[in-house]
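Structural overview
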Amino acid sequence: MKHYSTLTLILVLIVNILSAQPTQIASTPPMGWNSWNLFEDEISESIIKEIADAMVISGMRDAGYSYIIIDDHWVGGRDRKNQLFPDPQRFPGGIKALADYVHERGLMLGIYSNAADLTCGGVTGSLHFEELDASTFASWGIDYLKYDYCNAPTDRVTAFERYSRMGEALQKTGRPIVYAICEWGQRQPWLWAKAAGGHLWRTTYDSRDTWETGDKFFMGTIDIFDLNEPLAQYGGPGGWNDPDMLMAGLYGKGKSSSANGAYSGCTLTEYRTQFVLWAMMAAPLIVNADIRKLDPATAEILLDKDILAIAMDSLGMAGKTVYRSGEIQVLIRNLQENEIAVCIFNRGSKETSYQLNLRKDLGLADSCHIRNINRKTSEGIAPQVSGTLQSHDCAVYRLKPCDN
Ligand code: GLA
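Residues numbered from 1 in each chain as written. Predicted model: local features only at pLDDT ≥ 70, side-chain atom pairs only at ≥ 80, totals over all residues. Heavy atoms only, no water.

Structural notes on the pattern of salt bridges
Scanning all chains against the criterion turns up 26 salt bridges. When the shortest N-O distance is used, the salt bridge between arginine 292 and glutamate 50 registers 2.6 Å. Of this pair, arginine 292 sits in the loop between strand 10 (285-287) and helix 10 (296-302) while glutamate 50 sits in helix 3 (residues 45-57); the two residues are 242 residues apart in sequence, bridging distant segments of the chain. Exposure remark for glutamate 50: the relative accessible area of 38% places this residue in the partly exposed category. (Salt bridge = Lys/Arg side-chain N within 4 Å of Asp/Glu carboxyl O. Helix = DSSP H or I, 4+ residues; strand = E, 2+ residues; numbered from the N terminus. Buried < 20%, exposed > 50% of the residue type's maximum accessible area, 1.4 Å probe, protein only.)

Looking at the site of the ligand
Near the ligand you find Trp36, Asp71, Asp72, Tyr112, Cys120, Gly121, Lys146, Asp148, Cys182, Trp184, Arg202 and Asp206, and these make up its full shell. Contacts to the ligand include aspartate 71, whose side-chain N or O atom sits 2.6 Å from an oxygen atom. Within the side chain of tryptophan 184, one N or O atom sits 3.0 Å away from an oxygen atom of the ligand. When the ligand sits alone it has 310 Å² of accessible area, and the protein chains cover 92% of it. Judged by the fraction of its atoms near the pocket grid, the ligand is located in the largest pocket. (Near = heavy atom within 4 Å. Polar contact = N/O pair within 3.5 Å; in protein donor to acceptor, adjacent residues only side chain to side chain. Areas by Shrake-Rupley, 256 points an atom, 1.4 Å probe, with all protein chains shown as cover. 1 Å grid on protein atoms, 1.4 Å probe; cavity = no way out; pocket = protein on both sides within 12 Å on 5 of 7 lines; lining within 4 Å. Sits in = over half its atoms within 2 Å of the grid points.)

Considering the layout of surface pockets
Volume-wise, the largest pocket comes out at about 270 Å³. Residue lining of the largest pocket: 20 residues in total, with Trp36, Cys120, Asp148, Cys150 and Asp206 positioned closest to the centre. Of all elements in the fold, only helix 2 (36-39) and strand 6 (144-148) reach the threshold of two or more residues within the lining of the largest pocket. Its residues placed into classes, the lining of the largest pocket shows nine nonpolar, four polar and seven charged. Space inside the second largest pocket adds up to approximately 230 Å³. Taken together, Leu268, Arg272, Phe275, Ala297, Glu300, Ile301, Asp304, Ile307, Ile373, Asn374 and Lys376 form the lining of the second largest pocket. Elements with a contribution of two residues or more to the lining of the second largest pocket: helix 9 (268-280) and helix 10. Counting contributing residues per domain, the lining of the second largest pocket is built from domain 1 (28-311) and domain 2 (320-400), each supplying no fewer than three. (Points joined across faces, edges and corners; volume = space filled by probe spheres on them. Nonpolar A, V, L, I, M, F, W, Y, C, P; charged D, E, K, R; others polar. Domains from an automatic or database assignment.)

Now the structure itself:
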């Protein structure tokens, strides 16, 4: 056994303390599951437990989906000391016991509140009780707070002030709690949400389970993509643009997401394209599907290791559009070690072919290794990529530069 002098030990300790980096919250976009679109007010403790078990069995947890987020309608009210308590019918065992259950399975628990007296669903919100609620959440072992903005004044100054108040309260708890700001992009939160303590901020109103709605507020996949993609520069490690949740696996069975049955859902191609585009935009990947009955097609989309590697790339740079011709649109996302993800997608309603020269059309350097992620094959060195895309389909490539 080696013997170290006390001086050496002290020096090692000092070096360790100086070089220790605080772990950054949300250094990559949060991944997980949220109760809203499928369950809405029918959420319960038993559903959350079943989802937690299913996240493990289905391989979702091991793929990185770590947060289980209870959305609106969990609150019962405030007790005599003004402390929030959960709805006793829906959550009879309390949130702390539920958090323990989730943590024991290697997952994390998220919860929901609102920066006004009442939430969007009409239950008690956190306005004026920010410190108390944040410390209650921390004492229960909560790891993520989605903080909504219904029933609140519309101006940006008030929004910043209310979000900052909860941001500071969360920080004061000393627990690393992801803070998800949800004012639907109406006050340009990409400019101030990080300063309010946020780790992600919604950029749009709620997503609908369809490709395109034509509605100004509640939009489909392509509408939301068009709003979120130009905001690439504002997202990065510790603070992400959030274009709302993944529709894959809902098949029109959600309540609000289907506009109560008006939308029958997306095609499998569209669900995959949403997943790929969200990965290219470095968006949080929050699933809504019923993981307890995860169908193979949805599992294949959500567990695609190549797409997840792009989504969780540690550089955290969101992709941008570099090419548009007719219905073909191309996004490039810079990855660590000078690798590049290329996504070519067909916005149109008809089948379309593409043939793109990497240098001339996309402004990229020569590539010495091209991985075709759709086919899971290697295409070696090629000056161009080509193929045919069905309506709303996309092709994804991962390029390695020649000097790597
Ligand atoms: C808002 C949010 C949704 C969901 C509901 C809950 O609409 O944008 O994501 O949290 O409230 O009522």
